[in-house]
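# Observations on the model geometry
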Amino acid sequence: MKAATERKIIRWLHIILSIPVVGFVYGGVSENYYSTLWVRWFFFPALVLSGLWMWKGYLVKNLFRKGA
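Structure report, in brief. (Residues numbered from 1 in each chain as written. Predicted model: local features only at pLDDT ≥ 70, side-chain atom pairs only at ≥ 80, totals over all residues. Heavy atoms only, no water.)

Here threonine 36 is to be found in helix α2 (residues 33-67). Setting aside anything within four residues of it in sequence, one finds threonine 36 in contact with Phe24, Val29 and Ser30. (Helix = DSSP H or I, 4+ residues; strand = E, 2+ residues; numbered from the N terminus. Contact = heavy atoms within 4.5 Å.)

Following this line, the structure appears as structure tokens:
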């Protein structure tokens with residue numbers, strides 16, 4: 001996969017995963033128990049991981065390239 005394509009996919013994933021988190025903070029999602037669980041245990045950690053991958057993913061790739 002090309003680097004530009006990977007950036008686009010991860011960027012859109014990051015944007016889409018942020019929608020439920022924004023709804024949790026500003027909307028009424030926090031009133032529903034199951035929605036709260038989804039945001040806390042799936043959407044927010046995935047959002048953080050995708051942000052870290054966009055920020056420092058090249059270091060992880062370099063580690064695996066040098067190790068293999």
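There's plenty left to go through after this.
With respect to the secondary-structure elements, serine 50 resides in helix α2. Residue classification places serine 50 among the buried residues on the basis of a relative accessible area of 5%. Ignoring any residue separated from it by four or fewer positions in sequence, one finds serine 50 in contact with Ile10 and His14. (Buried < 20%, exposed > 50% of the residue type's maximum accessible area, 1.4 Å probe, protein only.)

Taken together, the side chains of Phe44, Val48, Leu49, Leu52 and Trp55 make up a nonpolar region of the molecular surface, amounting to roughly 530 Å² of accessible area. Examined against the element boundaries, leucine 49 turns out to sit in helix α2. In this structure leucine 49 comes out as exposed when scored by relative accessible area, which is 58%. (Patch = residues over 30% accessible without salt bridge, like charges linked within 9 Å, V, L, I, M, F, W, Y side chains within 5 Å. Areas by Shrake-Rupley, 256 points an atom, 1.4 Å probe, with all protein chains shown as cover. Salt bridge = Lys/Arg side-chain N within 4 Å of Asp/Glu carboxyl O.)

Here we take up the packing of aromatic side chains. If you walk through the whole model with that rule in mind, you get four aromatic pairs. When the centroid spacing of 5.4 Å and the interplanar angle of 75 degrees are considered together, the rings of tyrosine 33 and tyrosine 34 count as edge-to-face. Measuring from centroid to centroid gives 5.1 Å for phenylalanine 42 and phenylalanine 43, while their planes differ by 75 degrees, and the two rings are edge-to-face. The lysine or arginine in question, lysine 56, covers the ring of tryptophan 55, its NZ or CZ lying 4.9 Å from the ring centre. (Phe/Tyr/Trp six-rings, centres within 6.5 Å; stacked < 30°, edge-to-face > 60°. Lys NZ or Arg CZ within 6 Å of the ring centre and 35° of its normal.)

For threonine 36, a relative accessible area of 8% puts it in the buried group. Considered as a pair, threonine 36 and leucine 17 are 19 residues apart in the sequence and their alpha carbons are 14 Å apart.

Throughout the structure, instances matching the rule amount to one salt bridge. One salt bridge in this structure joins lysine 61 and glutamate 6, with 2.6 Å as the shortest N-O distance. Linking lysine 61 in helix α2 with glutamate 6 in helix α1 (residues 3-26), this pair joins segments that are 55 residues apart in sequence. Judged by relative accessible area, lysine 61 falls into the partly exposed class, the value being 28%.

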